[in-house]
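Working through the structure, step by step
Single-letter residue listing:
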Amino acid sequence: MTKAVLGIIGGSGVYDLPGLTDIREEAVATPWGEPSDTLRFGRIGQTEIVFLPRHGRGHRLSPSDINYRANIDALKRAGVTDIVSLSACGSFKPELQPGLFVLVDQYVDRTHRRESTFFGTGCVAHVSMAHPVGPRLAERLAAAAEAEGVPYRKGGTYVCMEGPQFSSYAESITYRHLGYDVIGMTAMPEAKLAREAEITYATLAMVTDFDCWHPEHGAVDVADVIQVMHGNTEKARRLVARLAAGFPAEREPCPAGSHKALDTAIMTAPSARDPALLAKLDAVAGRVLGPKNA
Ligand SMILES: CSC[C@H]1O[C@H](OP(=O)(O)O)[C@H](O)[C@@H]1O
Ligand SMILES: Nc1ncnc2[nH]cnc12
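The rules behind the values
- Residues numbered from 1 in each chain as written.
- Chains lettered and ligands numbered in written order.
- Predicted model: local features only at pLDDT ≥ 70, side-chain atom pairs only at ≥ 80, totals over all residues.
- Heavy atoms only, no water.
- Helix = DSSP H or I, 4+ residues; strand = E, 2+ residues; numbered from the N terminus.
- Rg over C-alpha atoms; globule rule 2.2 N^0.38 Å.
- Buried < 20%, exposed > 50% of the residue type's maximum accessible area, 1.4 Å probe, protein only.
- Contact = heavy atoms within 4.5 Å.
- Areas by Shrake-Rupley, 256 points an atom, 1.4 Å probe, with all protein chains shown as cover.
- Lys, Arg positive; Asp, Glu negative; His and termini not counted.
- Charge placed at Lys NZ, Arg CZ, Asp CG, Glu CD.
- Axes fitted to C-alpha atoms, helices over the stretch in contact; angles between N-to-C directions.
- Parallel < 35°, antiparallel > 145°, perpendicular 65-115°, else oblique.
- Left-handed = near helix turned anticlockwise from the far one by under 90°.
- Nonpolar A, V, L, I, M, F, W, Y, C, P; charged D, E, K, R; others polar.
- pLDDT = per-residue confidence, 0-100.
- 1 Å grid on protein atoms, 1.4 Å probe; cavity = no way out; pocket = protein on both sides within 12 Å on 5 of 7 lines; lining within 4 Å.
- Points joined across faces, edges and corners; volume = space filled by probe spheres on them.
- Near = heavy atom within 4 Å.
- Polar contact = N/O pair within 3.5 Å; in protein donor to acceptor, adjacent residues only side chain to side chain.
- Sits in = over half its atoms within 2 Å of the grid points.
- UniProt positions renumbered as here; feature names shortened; annotations may be inferred.

1. Thoughts on the overall build of the protein chain
Counting secondary structure elements, the protein chain contains seven helices and 11 strands. Relative to a compact globule of 294 residues, whose C-alpha radius of gyration would be 19 Å, the protein chain shows 18 Å and is just as compact. Based on the C-alpha atoms only, the size of the protein chain along its principal axes is roughly 60 × 45 × 35 Å. The buried share of the protein chain, reckoned over its 294 residues, is 55%. A separation of at least 24 residues holds for 82% of the contacts in the protein chain among residues at least 6 apart in sequence. Approximately 12,600 Å² of the protein chain is accessible, and the part contributed by carbon and sulfur atoms is 52%. Averaging the coordinates of the 31 positive side-chain charges in the protein chain and doing the same for the 34 negative ones gives two points 4 Å apart.

In structure tokens form, the structure reads like this:
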């Protein structure tokens with residue numbers, strides 16, 4: 001049995017998590033470089049929580065400069081089994097209005113200058129991203145939103161752009177016509193790396209704007225996002241507290257297979273594996289690459 005530890009990644013406007021008790025802060029070193037910030041360990045009720053602001057405190061890091069591998073590796077080293085990723089996002093649907101929380105269940109990756117895998121030459125792996133969000137974790141988030149009276153929608157496709165500039169009008173209407181629901185700059189490769197690290201993942205995408213496609217709304221700017229986020233942050237914190245209060249003590253098997261994503265993913269023959277890469281994979285893939293499996 002594995003103890004459940006809930007990781008919360010804070011996005012724009014969410015740089016701390018009030019309500020944590022027994023707080024301890026630790027700078028966790030990883031073979032992939034430095035995480036965005038120190039990890040904050042604590043509890044809500046009986047549930048162990050690890051909090052990490054993805055842009056760093058003070059919002060130092062641009063989406064392209066976040067070390068996503070270091071962040072996920074550090075959370076894995078901290079024992080995190082489930083991640084709730086908080087993100088501001090733009091909306092492509094009139095009914096997905098600012099203030100609404102979308103429990104995303106699919107992602108489209110349009111990023112192009114980020115390290116998006118832990119694996120590579122010397123240890124090749126292909127995990128499934130067919131169902132990137134843990135359905136049970138999403139159910140728990142929906143129940144927490146319901147209980148807190150936070151307006152939410154279950155399901156939606158998040159397109160992740162490189163940024164840092166917002167989309168052009170042509171890009172915005174293209175994404176809208178492709179049927180995507182929301183847009184942001186950070187869920188990829190975070191979700192991919194979480195899957196490789198066998199951590200169950202879900203995004204709570206908080207709508208802050210209509211990007212720039214909407215004829216009755218002006219183009220998004222940071223002031224709009226910050227203003228809406230001020231209202232969203234308090235709701236997000238309540239939702240997380242509610243989620244944590246009812247969280248199971250032991251890790252639940254994930255119907256999407258995130259707890260055993262590496263069982264059948266590794267292609268490289270043991271004799272062809274690079275010991276230096278294997279050493280870097282100690283936290284992420286230790287379960288399948290550890291001494292028992294060599
Ligand atoms: C401040 S608007 C753009 C910024 O907000 C979102 O960040 P996060 O996903 O960390 O909440 C978006 O992805 C951009 O990074
Ligand atoms: N319209 C938008 N595009 C990309 N990222 C965002 N984050 C918040 N709003 C956004």
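Once you've had a look at it, read on.
2. Considering unusual backbone geometry
In this chain, Gly163 is followed by Pro164 through a cis amide linkage whose omega measures 0°. Relative to the elements of secondary structure, Pro164 occurs in the loop between strand E9 (157–161) and helix H3 (169–177). Note that the residue after Met188, namely Pro189, is joined by a cis bond; omega there is 5°. Note on placement: Pro189 falls in helix H4 (residues 187–196). Phi at Asp211 is positive, roughly 50°, even though this residue is not glycine. Within the secondary structure, Asp211 is located in the loop between strand E11 (200–209) and helix H5 (222–245).

3. Section: the packing of helix H2 (residues 135–148) against H5
Packing of H2 against H5 leaves a shortest axis separation of 8 Å and a crossing angle of 120°. With respect to each other, H2 and H5 are oriented oblique. Where H2 crosses over H5, the handedness of that crossing is right-handed. Contacts between H2 and H5 involve Arg140, Leu141, Ala144, Ala145, Ala147 and Glu148 from the first element and Arg238, Leu239, Arg242 and Leu243 from the second. Residues that form the contact of H2 with H5 fall into these classes: six nonpolar, no polar and four charged.

4. A closer look at the confidence of the model for the protein chain
Of all residues in the protein chain, 99% attain a pLDDT of 70 or more, and the chain-wide mean is 96. Scored by ipTM, the complex comes to 0.99, with pTM at 0.97.

5. A short note on empty space enclosed by the protein
On inspection of all chains with the given rule, the structure shows one cavity of 30 Å³ or more. Its boundaries defined by the atoms lining it, the largest cavity holds a volume of some 100 Å³. Asp82, Arg136, Leu137, Thr200 and Glu252 are, among the 13 residues lining the largest cavity, the residues nearest its centre. Top contributing element to the lining of the largest cavity by residue count: H2, with three residues. For the lining of the largest cavity, the residue count by class is seven nonpolar, one polar and five charged.

6. Some remarks on the site of ligand 1
As a structural note, the neighbourhood of ligand 1 is formed by Gly11, Ser12, Arg54, His55, Pro63, Ser87, Ala88, Phe166, Gly184, Met185, Thr186 and Val225. Within the side chain of Arg54, an N or O atom sits 2.9 Å from an oxygen atom of ligand 1. His55 has a polar side-chain atom sitting 2.5 Å from an oxygen atom of ligand 1. Bound to the protein, ligand 1 loses 90% of the 390 Å² it would expose on its own. Taken atom by atom, the bulk of ligand 1 overlaps the largest pocket. Grouping the constituent residues of the shell around ligand 1 by class yields five nonpolar, six polar and one charged.

7. Brief notes about the UniProt feature "binding site: substrate" (unreviewed entry) in the protein chain
Feature annotation in UniProt assigns "binding site: substrate" (unreviewed entry) to the following positions: Met185, Asp209, Phe210 and Asp211. Those annotated residues from the list above that line the largest pocket are Met185, Asp209 and Asp211. Inspection of the secondary structure puts Phe210 in the loop between E11 and H5. What makes Phe210 buried here is its relative accessible area of 6%. Look past the residues within four positions of Phe210 in its chain and what remains in contact with it is Ser91, Lys93, Pro94, Leu96, Gln97, Pro98 and His217.

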